[in-house]
Each structure stands twice: as C-alpha cells, then as structure tokens.
Amino acid sequence: RPRRRISFCERTRGNSRRSYHTAAATTDRYSSLLFIFLSPSSVKLFSKGSAPPKSPPHTYVEKLLSATMSSGGATGGGSGPTATGAGTRPDVTLKLSQLQNLCKRDPPAYRDDYDAQVRRLESESSILALSPSADPSPRLVELVQFAANVSSSSYKGEESERVARLLINLLLGRSSSEEEEGSYGAAGGAKGGKGKSKAGAGSGGGGEFAVSVPPSALHLHREVRKSVVSALIIMRNKGAIEPLRLLELFFRVMASVPDKALREQLYRHVVNDVRNVNKNGRRDERVNRTVQSFLHRVVGSSGGQTPTGDTASDLGSVDGESATDVAAKRAVDMVSELYRRGVWTDERTVAIVDTAVRSPNASVMAKAARFFLGVEERMDEDRRRKEEGEWEGANTVNLHLHSKKTGKKQRRIGKDLKARKRAQQKHENSEMAEMELDKGVEHSRKLYPAIELVRDPQGLAEDVFRRLRSAGSNSYKFEIKLLMINFLTRLVGNHTLLVLPLYPYLRRYMGGHQRDVSAILAYAVQACHEYVPPDEVHGLLKTVAHNFVTERCSEEQMAVGINASRAICARVPSALSLEDENDPAGEGGGSGVVMDVEAFARDLAAYAKHRDRSVSASGKAWANFVREVHPSLLRGRDRGAEGSALARAGQKPLRYGETRAEAGVEGAELLVEYEKRKKEADERRAAGGDDEESDSGDDEGEGEEPMNDEEVEEEEEEEEEEDEGFMK
C-alpha cells in the first residue's frame, strides 16, 4: 500500500515544534554578539587610529557570527545539531520564508523570533551605514523583504511604523539610530495631519526648494536600494504607510539616483497610487490637495541653478541637470498622465502645468507646452482605442459550433448576441455623432479644455512672449521656439487675447525659404480672431502676398499663400471691410499699414484661371469665400448670380468694433406670419364645410357628389405643403 502523503502544513508544524525551543537561545546569542561587536572596544577597529580589517565589515561580522554559533553549539547552549537533537535540520529562525508563514498563522507565538530578525536587520543596516559602497550581505535583502511583509500584515501599527522608519533610513544611507528627517510638503501632511509648507501652493518662487538625498544614499548598493523600494511599496499597498509619506521620499530618490529602472518603478508606483486613492468614485481631497501643493512647489523651484559637483544635490544630478529640474520634469509627467487618465482634471492640476510653462528650464517648459497642445488628442485616442477594444470583444461570439449543445451554453450565446447588437448600435451612433460635429473656431475651442482652465491667460501669454522675444539666437533651439510660438498663438486664439507685438514678430519668420514656414503660417492663422485690429492683419496679408503669391514662387508656395490668406480673412472678416465708403481702396489716414483691399481681393481671385491645378483650386476657393462675405470687392464677372444678388442687397462684413444690435428676437416676424396664415386656412376650411352642408341640405340627392376621404386627404396635404414652403 502506498504511504500517505504528508502535507506541507504538517511538515512545517513538526519543524516548528523541534526548533521553537531553541529560538530564545539563538535570539540571546545574536543580541550579545552584536552588542559586543558594536561596543566601544570593537568600534576601535574602524576608527582612524587603527587599521581597518582586510575584509568588509559585513564579512567580518559573518565570521564572528559563525564562530560564536559554533562555539555555542559545542558548549551545549546553542541551537546546533548536538544541542537540539534535530540532526542536520536547519533552525527555523534561519529559514525566513518558513518563519514568515508561521508569523502570519500565529503572530503572538512567533513574536520573539520576528523581533530577533528585526534586530538583526537593524544591526546589518548600521554596519552598512559605515561603508555604503561595500557589497551587502546576502541575507540583507531577505531580511528587508521579511520585515516588510510580516510587519505590514501581522504586526500592523507601531511595529510597521518602526520597520518603515528603519527602511527609510536605510534608503537614505543613515543608520537606524538616527531619527528621520523632518520632511516637507507631502510628508509633513502625513505626520501632522495637515501639510504645512514652506511656501504657498501657488507661489512657485518663494526661495529655493531643494530636492536631494544625502551623499551616502547615492553610494548605496543597487540591489539594496531596489529591495528597500520594493519593500516600501509592499507596505504602502497593504496600507501600513500613508501615501503622503512616501511621495516626498520617492521624489527625492527619483530626482537624485541615476538608475533608470528604479526611476521608472517609482514613477509608476506614484501614478498608480494616486489613481487607487481616487478610483471607484472615491476621491480623497485631502490627499489630492496636499500632493498637488507639493508638486506645485517642486515645479516652481526648477531652473536657475547648474550642478557644480560641490553639494549633495549636485552629486545627485542626472545627465548634467540638477535634482530640482529632474523632479520638476517628473512632476509634469505625473500631472499629464493623471490628467490623461481622467483622475485630475480640475483647475489646480492645470495651475501646476501653468507654473511649469513659466519655468526657466527649457525642458520643463517644453513638457508643459506639449501637455496643453496635445493632451486632448491623446485622451481622444485612448477613448477610441477603448471603444474599438470593446467593439472587437463584443463582436466575437463563441457559437460552440463544434461542441456539445447545453442549455447553459445556449443562454450564454443568447446573452452574447444581445450584447453584440447593443455594441453595434452604440458604435453606429458614435460614428454618426462624429460626422455631425461642427467645424471652425468654436469646435477647436471644445477640443482644448485644458487651455480654457488657465486662470490668467493674458499674463501667461505676455510672460511666454517676453521670454520668446528677449531670447537670443542661441538661447533656445529652433524646435523649442516653434513650440513656444504654437502654444502662444493657440492661447491667444482660444482666449481671444490681444498681444499686438506678436503679429510683427510672426512676420519675421514668413520668408519663402524659412524652415518650417508652413507651420509658421498655421500658427499665424490660429492667432487671429475677431478682436485683432485690421492693421495687424493687413501686415500679415501683405507679407504673405509678397513672399508667396508672386510669379517667382513655385506653385506649391502660391497655393499655400492663397489658402493662408483665406484662412486669416475667414477668422477676421473685418480685414476685408473698407474704412470709408468714399475711399474704395481702404486707405485710412490713421492706418499703420496701407493696403488696397479691393485690389488684393481681385488679384487673388484672378488665380482661379491659373494653369496649375493646385493654384487654380486655391484661387477658386478664395473667390467663393469673398463672394459670400463681401461680393462687391470682386469684378462683375466673378461675382456670379448669387454674389450679384448679395452685392445689390448690400452684403458686407462688419467693420472693426462694429456690432449689429437686434431690436427683438431674430425670426419672430416669421412666426407671426405663420400663425396668421394658419388662422386664415382654418377659417377657409370651416367656411367650405358649412357651404357643403347647406348644399347637401337644399338639394338632397342632386348636384355634385360629396368629396371622398382620398380627396380630403389630398387637399389637407396641399395646405400643409404650402405652410411648410412659407416657413422655409
């Protein structure tokens, strides 16, 4: 007969019975040995007056431990095979995975064993603090993971707080005896309940806000740093540490330690932690406000300093940038990611990126500008990708064609088919809604709600333009300048701001051979709105006409110039209005730029008969636009029937500053006329019915036959068609 299989729990229980009685003796031996090693007489080994040991400190300690354990076992007071009578089976206190399982099953019974391992971790940390760059003990990583898992699950409270403080000191390169530094920002909110910051949340410039770690933390071994970070993340996920406490620590490590994999791990944890705090409709406003205030101060402290290698912050510089600049870039990335995922979409979040745009650091400013310019497109792509995934998942139905047919499978197939039908209807409705979206300026404003949430758009636009204009030729790269111009023009166009020096500045980059000139023309178009004075618009139109719409230019340049002129005039129709009715050329006495609007419009319309197809299409589009807006600017043969009728009716755009005041509700007279005609039709119908009754009563059975139902319906349809035609 086969033997009964012994379960893992039974084996573990037997091992624990044999080794539990030796745990106290082992704990006392560890404590006495470490006390002897860390006594003043032993510390002399590492003092300046005596020569250090040839081997690293942790190796020296391991030799002492092994010698003491062997001597203890020989004398009968230890936990060796002779003392315990357990043969060659190792002690349970040295098998941390087994002890971790036992502590979770029975925390009070194994508290002494757990305390012994924590004391051992403290001693290992103190030894490592004496020489952080040395290779760590192989048992240190296991002790860190053991203490984090057991304290956060079995001994949560004061014990987990003690272990967290120990791990934080180890990550910062301090000994366990040193107290944790008073943290600023988010950590202050975790300790005191309410975060008390050195500077206000909206200041961003109230003194230097250093984000650095001690120099000893930079020399810490990579594996130790990775294990400590993983242990702290485990404790945070189990709720043993407040989220605000780790945020400041991880930002300091992320900004100073040149370890790319570790920085990515910390960044993902911070983002996911904030998401978990606010998921499932639960929003912790205290945490959100404190974290946002901390990020605001980090972003505001960036720029204005260059690492020299003399301070701890300079030692932790990454790729030649100071720790504050690296932290500011990570803060902007974090805010952008949370906004894209719909976690933070309020004004406080936009205010953080607003402060980043004003940063002297070009990298921080570029990241913030790209957020305002493209975050909504990325959100739309995420939404489309999610809808496509749902549609593909709902469209795939397992009909079980080659399996046994059961009632449960048939019900499942029915549910899947109904879900696919609902998904198909939703998909078709979304496609129809996208086709019916309006285009133009109002539609573009709906696409950029992040820019609409800026608190002081005029001040932000003036600051960005001041930096752009005062920057020398080598201050920023040309790509950064284009990014700043794009952000500035979009801000001006969406908020209808008046930054008049911007338009002469754009004319400097509108040369025919300028690099990325098509992008410059697009930026000039989006900077125009109805409140821009016609003088500034005339300057743009003249520059475009002289550099693009000439015979010396290529066909592509001519087409681009005509299309750009049409787009500018479409946004500012007052540019085509004449200043004085007696002056058809539009030469106002006080105009800064003299321009013959009528000659300009007719010249561009003449390109409708150009030999090149692209130029001809652009000229026809310009002629159609002017025919609708101001047909009197065109020649008689170019106006067409509709343009001639509009010209006779006096169709023309409003002049700059002119408004058309309405005396009442537009279209109210049409409603009155419709009610009048409807009343007359009802009266005629009632009179016709009385005549028919009288005729039928006088000559019963004689005369014309009464109308049947079909004739009555035809007459009613004719009357309804007449009413509908009048309303149209």
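What you are looking at is a predicted structure, and each value in this text was computed from that prediction instead of being measured. (Residues numbered from 1 in each chain as written. Predicted model: local features only at pLDDT ≥ 70, side-chain atom pairs only at ≥ 80, totals over all residues. Heavy atoms only, no water.)

### Digging into the overall build of the chain
Phase 1: Within the chain one finds 33 helices and zero strands.
Phase 2: Going through the 728 residues of the chain one by one, you find that 43% of them count as buried.
Phase 3: Of the contacts formed within the chain by residues at least 6 apart in sequence, a portion of 72% connects residues at least 24 apart.
Phase 4: Here the chain displays about 40,100 Å² of accessible surface, and carbon together with sulfur accounts for 49% of that area. (Helix = DSSP H or I, 4+ residues; strand = E, 2+ residues; numbered from the N terminus. Buried < 20%, exposed > 50% of the residue type's maximum accessible area, 1.4 Å probe, protein only. Contact = heavy atoms within 4.5 Å. Areas by Shrake-Rupley, 256 points an atom, 1.4 Å probe, with all protein chains shown as cover.)

### Some words on helix 31 (residues 636-648)
Phase 1: When the terminal C-alpha atoms of helix 31 are compared, their 12 Å separation across 13 residues is substantially less than the 18 Å that a helix rising 1.5 Å per residue should span.
Phase 2: Maximal helix bending in helix 31 amounts to about 90 degrees, located at Glu642. (Expected span 1.5 Å × (residues − 1). Bend = angle between axes of the 7 residues up to and from the residue.)

### Here's the deal with the packing of aromatic side chains
Phase 1: Under the definition given, this model contains ten aromatic pairs.
Phase 2: Taking 6.1 Å as the distance between ring centres and 50 degrees as the angle between the ring planes, the aromatic pair formed by Tyr114 and Phe146 counts as tilted. Taken as a pair, Tyr114 in helix 7 (residues 111-130) and Phe146 in helix 8 (residues 138-153) lie far apart in primary sequence, 32 residues in all. The burial state of Tyr114 is the same as that of Phe146; both residues are buried. (Phe/Tyr/Trp six-rings, centres within 6.5 Å; stacked < 30°, edge-to-face > 60°.)

### Things to note about the pattern of salt bridges
Phase 1: This structure, assessed with the given rule, holds 24 salt bridges.
Phase 2: Among the salt bridges present, the one from Arg111 reaches Glu159, with a minimum N-O distance of 3.2 Å. In this pair, Arg111 sits in helix 7 while Glu159 sits in helix 9 (residues 158-171), placing the two residues 48 residues apart along the sequence.
Phase 3: In this structure, Asp259 engages Arg222 in a salt bridge whose closest nitrogen and oxygen atoms are separated by 3.4 Å. In this pair, Asp259 is assigned in the loop between helix 13 (243-256) and helix 14 (260-277) and Arg222 in helix 12 (residues 222-237), connecting sequence segments 37 residues apart.
Phase 4: Since its relative accessible area comes to 11%, Asp259 is described here as buried.
Phase 5: Here Arg222 falls in the exposed class, since its relative accessible area comes to 52%. (Salt bridge = Lys/Arg side-chain N within 4 Å of Asp/Glu carboxyl O.)

### Thoughts on a nonpolar patch on the surface
Phase 1: Nonpolar side chains collect at one region of the surface, where Leu399, Leu401 and Leu417 lie side by side and expose about 270 Å² of accessible area between them.
Phase 2: With respect to the element layout, Leu401 can be found in the loop between helix 19 (362-395) and helix 20 (407-435). (Patch = residues over 30% accessible without salt bridge, like charges linked within 9 Å, V, L, I, M, F, W, Y side chains within 5 Å.)

### Considering helix 14
Phase 1: Under the 1.5 Å per step criterion, the end-to-end length of helix 14 is 26 Å for 18 residues, consistent within 8% with the ideal 26 Å.
Phase 2: Three or more residues of helix 14 are buried, namely Leu262, Arg263, Leu266, Tyr267, His269, Val270, Val271, Asp273, Val274 and Val277.
Phase 3: In this structure, the buried residues of helix 14 make contact with helix 12, helix 13, helix 15 (285-300) and helix 17 (323-340).

### Notes on the nonpolar core
Phase 1: Within the largest apolar cluster, 155 residues are counted, with the highest numbers of intra-cluster contacts made by Leu232, Leu295, Met334, Phe372 and Trp622.
Phase 2: Setting aside its immediate chain neighbours within four residues, Phe372 contacts Val350, Val353, Asp354, Val357, Ala450, Ile451, Val454 and Phe487. (Core = buried A, V, L, I, M, F, W, Y, C linked by side-chain atoms within 4.5 Å.)

### Re empty space enclosed by the protein
Phase 1: Per the counting criterion, the structure on display carries six cavities of 30 Å³ or more.
Phase 2: One number sums up the size of the largest cavity: a volume of about 100 Å³.
Phase 3: Lining the largest cavity, in full, are Pro243, Leu244, Leu246, Leu247, Phe250, His269, Val270, Asp273, Val274, Val277, Val287 and Val291.
Phase 4: In the lining of the largest cavity, the residues fall into ten nonpolar, one polar and one charged. (1 Å grid on protein atoms, 1.4 Å probe; cavity = no way out; pocket = protein on both sides within 12 Å on 5 of 7 lines; lining within 4 Å. Points joined across faces, edges and corners; volume = space filled by probe spheres on them. Nonpolar A, V, L, I, M, F, W, Y, C, P; charged D, E, K, R; others polar.)

### So, the packing of helix 15 against helix 18 (residues 347-357)
Phase 1: Packing of helix 15 against helix 18 leaves a shortest axis separation of 9 Å and a crossing angle of 5 degrees. Viewed along their axes, helix 15 and helix 18 adopt a mutual orientation that is roughly parallel. Residues Glu285, Arg289, Gln292, Leu295, His296, Val299 and Gly300 of helix 15 form the contact with helix 18, whose participating residues are Arg348, Thr349, Ala351, Ile352, Thr355 and Ala356.
Phase 2: The residue makeup of the contact of helix 15 with helix 18, split by class, is five nonpolar, five polar and three charged. (Axes fitted to C-alpha atoms, helices over the stretch in contact; angles between N-to-C directions. Parallel < 35°, antiparallel > 145°, perpendicular 65-115°, else oblique.)

### A short note on the environment of His219
Phase 1: One can find His219 in the loop between helix 11 (215-218) and helix 12.
Phase 2: Along the primary structure His219 and Leu172 are separated by 47 residues, whereas in three dimensions their C-alpha atoms are 9.9 Å apart.
Phase 3: Other than its neighbours up to four places away in sequence, His219 contacts Pro132 and Ser133.

### Here's the deal with the packing of helix 26 (residues 517-526) against helix 28 (residues 555-571)
Phase 1: In contact at an axis separation of 9 Å, helix 26 and helix 28 are set at 15 degrees when each is read in the N-to-C sense. In this view, helix 26 runs roughly parallel relative to helix 28, as classed from their interaxial angle. Taken as a pair, helix 26 and helix 28 cross one another with a handedness that is right-handed. Taking contact as the criterion, the partners of Leu521, Val525 and Gln526 in helix 26 are, on helix 28, Val560, Ala564, Ala567, Ile568 and Arg571.
Phase 2: Class assignment for the residues of the contact of helix 26 with helix 28 results in six nonpolar, one polar and one charged. (Left-handed = near helix turned anticlockwise from the far one by under 90°.)

### Things to note about the confidence of the model for the chain
One rule of thumb: low pLDDT means the predicted coordinates there are not for detailed reading.
Phase 1: Averaged over every residue, the pLDDT of the chain is 75; the share at 70 or more is 69%.
Phase 2: Residue range residues 16-90 is modelled with pLDDT below 50. Its contacts to residues more than four positions away, or to other chains, number 75 contacts.
Phase 3: Counting interchain partners and residues more than four positions distant, the pLDDT-below-50 stretch residues 181-208 has 47 contacts. (pLDDT = per-residue confidence, 0-100.)

### Some details on the environment of Phe372
Phase 1: Positionally, Phe372 belongs in helix 19.
Phase 2: Taking C-alpha positions, Phe372 is 9.0 Å from Pro449, a pair spaced 77 residues apart along the chain.

### Topic: unusual backbone geometry
Phase 1: In this structure, Thr496 takes a positive phi of about 50 degrees despite not being glycine.
Phase 2: With respect to the element layout, Thr496 can be found in the loop between helix 24 (478-495) and helix 25 (502-507).
Phase 3: One non-glycine residue, Asp516, lies in the positive phi region at around 55 degrees.
Phase 4: Looking at where Asp516 falls in the secondary structure, it is placed in the loop between helix 25 and helix 26.

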